[in-house]
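An overview of the molecular structure
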Amino acid sequence: MGWRRLLLFDIDGTILLSSGIGRRLMDESLGALFGPQVSSREVSFSGRTDIDIMTEILQNNGFLSEDLPLLVKRALDHYDAHARDGILPSDVTLLPGVGLLLEHLQADDAVQLGLVTGNLKSTAYAKLRAAGVASKFPFGAFGSDHADRNELPALAIERAYHHTGTRFRPEHVVIVGDSVLDIRCGRHVGAYCVAVSTGYTSAARLAAEGPDLLMEDLADTKTFLRSILA
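The rules we used
- Residues numbered from 1 in each chain as written.
- Predicted model: local features only at pLDDT ≥ 70, side-chain atom pairs only at ≥ 80, totals over all residues.
- Heavy atoms only, no water.
- Helix = DSSP H or I, 4+ residues; strand = E, 2+ residues; numbered from the N terminus.
- Rg over C-alpha atoms; globule rule 2.2 N^0.38 Å.
- Buried < 20%, exposed > 50% of the residue type's maximum accessible area, 1.4 Å probe, protein only.
- Contact = heavy atoms within 4.5 Å.
- Areas by Shrake-Rupley, 256 points an atom, 1.4 Å probe, with all protein chains shown as cover.
- 1 Å grid on protein atoms, 1.4 Å probe; cavity = no way out; pocket = protein on both sides within 12 Å on 5 of 7 lines; lining within 4 Å.
- Points joined across faces, edges and corners; volume = space filled by probe spheres on them.

**Description of the overall build of the protein chain**
A count of helical and extended segments in the protein chain gives 9 helices and 8 strands. Radius of gyration (C-alpha) of the protein chain: 17 Å, near the 17 Å computed for a compact globule of 230 residues. Here the C-alpha coordinates of the protein chain stretch approximately 50 × 35 × 35 Å along the principal axes. Among the 230 residues that make up the protein chain, the fraction classed as buried is 51%. Considering only contacts in the protein chain between residues 6 or more positions apart, those separated by 24 or more positions represent 65%. Total accessible area on the protein chain stands at roughly 10,200 Å², and carbon and sulfur atoms take up 52% of it.

**Digging into the layout of surface pockets**
Estimates place the volume of the largest pocket at around 510 Å³. Asp12, Phe45, Ser46, Lys127 and Tyr200 are, among the 27 residues lining the largest pocket, the residues nearest its centre. For the lining of the largest pocket, the secondary-structure elements that each account for two or more residues are helix 1 (21-34) and helix 2 (50-60). Residue contributions to the lining of the largest pocket peak at 3 residues, all from helix 1.

Rendered as structure tokens:
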């Protein structure tokens with residue numbers, strides 16, 4: 001099948017809001033492993049990979065030894081196991097227009113859906129399952145794949161090839177996200193970038209990064225489709 005567009009979606013702030021459940025579960029894991037004094041205070045999560053986030057948290061809390069990579073892995077493994085069953089439907093809310101848009105895109109043979117998210121893979125799918133949309137995203141690239149968000153789109157494109165048999169050219173790839181880092185990772189591979197101001201980043205800040213399309217939310221299905229399929 002000759003796919004015409006590969007759409008790679010971010011999750012938090014783009015598809016859904018999760019009421020800070022990721023941060024809360026991460027703090028619980030940190031407390032269980034290292035004590036209640038270790039937390040994610042003052043660390044921004046927006047647009048970042050979980051490896052990058054956890055590394056900064058531990059550094060901020062005084063873990064500066066050569067064992068830091070091992071401690072990061074240990075903390076993420078604990079968080080991953082904790083989050084797998086700790087995210088409930090009551091913890092997530094689909095953002096405006098997302099359900100209808102995903103239904104439309106999934107039914108379009110010219111479109112393949114995937115993910116580019118800073119979440120660990122199992123955490124990403126736990127959130128999507130809680131929101132009832134996990135089945136729409138058969139593959140992706142995740143915060144468990146690499147610490148650098150810019151490395152994730154190329155991984156997702158390669159996985160799209162293994163899933164569909166199609167080599168997507170950069171101009172046929174669309175990155176959809178709510179943060180500056182989503183736009184930058186899309187630019188890194190030459191993708192078309194759609195930004196939505198439904199997360200923690202203002203429309204003005206997103207506009208300053210020069211996305212190809214900036215939307216208040218994903219409720220305007222016609223504008224979104226007209227833009228990405230043009």
